[in-house]
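Remarks on the overall topology
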Amino acid sequence: MMEKDNFVPVREADGRYFVQEDANQPKVLKYHAGGKWIMSKTDKFMDCYNASTGQVIAKAPCCTQDEVDAAIAAAKAAFPAWADTPISKRVQVHFRMKELVDKHLEELTVLLCTEEGKNYSESMGDVLKVNEVVEFACGTPHLMKGESLMNCSKNYDTVLYRESLGVFAGIAPWNFPAMIPHGWMAPLCIATGNTMVLKAASFVPQSAMRLLELWREAGLPDGVLNIVTCSRNEAETFLKHPDIKGVSFVGSTPVGKHIYATAAAHGKRVQALTEAKNHALVMRDCKLERTARGIINAYCGCAGARCMACPVVVVESAIADELIDHLKKYVAELKLGPAWDPNTGMGPIMNAGHLKFITDWIQKGVEEGAELIVDGRNPEPPKGYEDGFWLAPSIFDKVTEDMSVGREEIFGPVLCIKRVDCFEEGLEIMNNSRFANGSVIYTQNGYYARTFAKKTDAGMVGINVGIPVPLGIFGFTGHKQSFFGDLHVMGRDGICFFTESKCVTNTWFSEDEESGNCKVDTWDGTISSMPIKDK
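Notes on the structure in this doc start here.

Cut-offs applied
- Residues numbered from 1 in each chain as written.
- Predicted model: local features only at pLDDT ≥ 70, side-chain atom pairs only at ≥ 80, totals over all residues.
- Heavy atoms only, no water.
- Buried < 20%, exposed > 50% of the residue type's maximum accessible area, 1.4 Å probe, protein only.
- Helix = DSSP H or I, 4+ residues; strand = E, 2+ residues; numbered from the N terminus.
- Contact = heavy atoms within 4.5 Å.
- Patch = residues over 30% accessible without salt bridge, like charges linked within 9 Å, V, L, I, M, F, W, Y side chains within 5 Å.
- Areas by Shrake-Rupley, 256 points an atom, 1.4 Å probe, with all protein chains shown as cover.
- Salt bridge = Lys/Arg side-chain N within 4 Å of Asp/Glu carboxyl O.
- Pairing = 2+ DSSP bridges.
- Right-handed = clockwise from strand over helix to strand, strands pointing away.

Considerations on helix 14 (residues 423-431)
Within the span of helix 14, buried status applies to Phe 423, Gly 426, Leu 427, Ile 429, Met 430 and Asn 431. Its buried side turned inward, helix 14 meets strand 14 (279-282), strand 15 (312-316), strand 18 (414-420), strand 20 (438-442), helix 15 (446-455) and strand 22 (479-480).

With respect to unusual backbone geometry
The phi torsion at Phe 411 lies on the positive side, around 65°, for a residue other than glycine. Summarising the element assignment, Phe 411 is placed in the loop between strand 17 (394-397) and strand 18.

Regarding a nonpolar patch on the surface
Nonpolar side chains collect at one region of the surface, where Leu 471, Ile 473 and Phe 474 lie side by side and expose about 310 Å² of accessible area between them. Here Leu 471 lies in the loop between strand 21 (460-463) and strand 22.

Here we look at the environment of Ala 276
Its place among the elements puts Ala 276 in the loop between strand 13 (269-273) and strand 14. C-alpha of Ala 276 to C-alpha of Gly 438: the two residues are 162 residues apart in sequence and 7.8 Å apart in space. Other than its neighbours up to four places away in sequence, Ala 276 contacts Cys 307, Glu 409, Phe 435, Asn 437 and Ser 482.

Considering the pairing of strand 12 (residues 244-250)
Counted residue by residue, strand 12 has six buried out of seven residues, so it is predominantly covered. Summarising the sheet, strand 9 (residues 167-171) and strand 12 pair through five bridges and their orientation is parallel. In the sheet register, Val 167 faces strand 12, and the bridge partner there is Ile 244. Of the strand pairs in this sheet, strand 12 and strand 13 are connected by five bridges, and their pairing is parallel. Note that in strand 13 the partner of Val 250 across the bridge is Leu 273. Tracing the backbone out of strand 12, into helix 10 (residues 253-265) and back to the parallel element strand 13 gives a crossover that is right-handed.

On their own, these measurements won't tell you what the molecule is for.
Structure representation (structure tokens):
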């Protein structure tokens, strides 16, 4: 495996996303517009940390308003030529991108481990999820095909085309710095002939920037994909700028609501994927030990920082104590360690601010009266990594519906256990949540499984699957206050979000009609069911 300090191959600094005069100093990151990596003129830079060591490894620019506007202008300038590029040629870039991601997989994995804190296999999965959608986007020539009907009314034919729109903005979160900007957002946007400005997460921008270098190496033309880091003030531009046609956002529910309302009010398409509090219903007939293993993965994986985590278990009281015994046993087996070590079970939290956010929620749960049966605060840090951002998993038992710790997103390795007497009570509790991203049932009973799939409010459902994230060929279908918009990311929804329909109806005149003696009715022949009256 690559050493953590040597994860980026040495190249000329001017052509890269960063400059670094001294290997012992943090990298100074750039932004990308119009095919060039450019040093920002800002006087404000944001610290990016190695989550395992606590050291500052990079400084991301808070790009100025002029720089954000310049990135949008570059995308607008690139759009006409890119949209006119034959689609079969556009997706050749995606085929090459897939090969480059595979070639640089280990490098990208260690980079992501270092800046975000996921363990090695989780970080590799983050990167591989990029290729999952890139591969899907290679099929865009088929997916963008429209519809046609000959003689839909007498001598009239209609064809529906799907066309690109223009410039889109992608506003990415910190928890999946590869998959979301370069999987959920960019591949389908550019394959369908649009251009994009990505706002990378300022805490963890390097993975997104390195992947943009690979898009360029794959042959993506200047200005088709641009990237900035900035504050919310500058990002507000994306919601109102007349040259932005749509916004794809992943983040908190309050911000998602604002983006949806503001951008839509300015005539833009919006897909806003927001918070979640996914529940798993555990029935007494489940395979208990396997279920417990699945729950540990579902709430501790990625240190709980994923919107498809499962931080709440609704369990039948008859088996609750036995399930808890298994959970305590398995959670104790999770080994904390540096993110890039393949033997690490759970890596660090992304930064000190988010660590405090989680521990504040744990304290709030205690104050609300939940029983903290596993306390992950202040764990013994891995030797040599005492300055990292460490937190072990926690478990609350006997969480009730009046406790906010069981209702609100914590985004960390904190499990809340709610005890119920039956299937119906458990389903009601789950559906009372204002969020509806994912839901899970653990059971061997087909009736319960089918009824659950039909009646749960969640948009992504797992039957004995703790993280029911669909492959990129399907949409990421959150509901309620986990999603604002009409068309989801990925799948056919993704194609539709980044394109608009155009119907072309045509007819050709006969020699008799050319004489000008024929009569043209109000509907110009397009109503096929119009009665013909005798003259």
